[in-house]
Amino acid sequence: LVLNGYNGYGNMAITQGVVQISGGNSNLGDPATNGQVLFNGGGAPNAATLQILSTMNLGNRPFNVNNNTFGAIDVAAGQVVTTAGTFSSGGTGAGIFKTGTGTLVINNTSGSANMVLTNAGGGTLLTTATTGTPFGNNTLNIAGGNVQFSPTAAGTFVIPTVNFANGGRLVLDQ
């Protein structure tokens, strides 16, 4: 499904397949409502996928994953997608894959306690947060590409349990 115009609804649920956007945050629904993106179906590696083809800021839009399912955010090569929204799950056994070779910037300070976050397929998963648990406090899998902490000021943040594969790297900047 390709969405490339303003959509006035509040929330979006992706239960299978790929939803592709390229025109901005309003492709996902009215940005003023900060409606959630809910991944509600599919397991690894066939997760319901939000594919983002252009650089954009998703504001405070939250991302949620139902129990025992996975979602994927695929950022196209050379693109940077920024979000300050929370990432949460309905329970254990849920997770988000960041795929694609672009960059996903997560600038919230409270990632999910239950969710597994995986950077797969290259690219960069980055945060500039200075406090809290931007990548959650459960498990962070780096299966290719970089996971980068680049705080904008001195602060204290939590790095969850990290697993490495396929040349993945953890980068700490300051």
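Residues numbered from 1 in each chain as written. Predicted model: local features only at pLDDT ≥ 70, side-chain atom pairs only at ≥ 80, totals over all residues. Heavy atoms only, no water.

**Quick word on the side chain of Thr118**
In this structure, Thr118 sits in strand β13 (residues 116–120). With a relative accessible area of 7%, Thr118 lands in the buried category. Here Asn141 takes part through its side chain, which lies 3.2 Å from a polar atom of the side chain of Thr118. Not counting residues up to four positions away in its chain, the partners in contact with Thr118 are Ile96, Phe97, Lys98, Asn141 and Ala143. (Helix = DSSP H or I, 4+ residues; strand = E, 2+ residues; numbered from the N terminus. Buried < 20%, exposed > 50% of the residue type's maximum accessible area, 1.4 Å probe, protein only. Polar contact = N/O pair within 3.5 Å; in protein donor to acceptor, adjacent residues only side chain to side chain. Contact = heavy atoms within 4.5 Å.)

**Some words on the packing of aromatic side chains**
Counted according to the given criterion, the structure contains three aromatic pairs. Aromatic side chains Phe70 and Phe97 sit 5.4 Å apart centroid to centroid with 35 degrees between the ring planes, which places their arrangement in the tilted category. Here Phe70, found in strand β8 (residues 70–75), pairs with Phe97, found in strand β11 (residues 95–99); they are 27 residues apart in sequence, far enough to count as distant. By the burial criterion, Phe70 is buried, and Phe97 matches it. (Phe/Tyr/Trp six-rings, centres within 6.5 Å; stacked < 30°, edge-to-face > 60°.)

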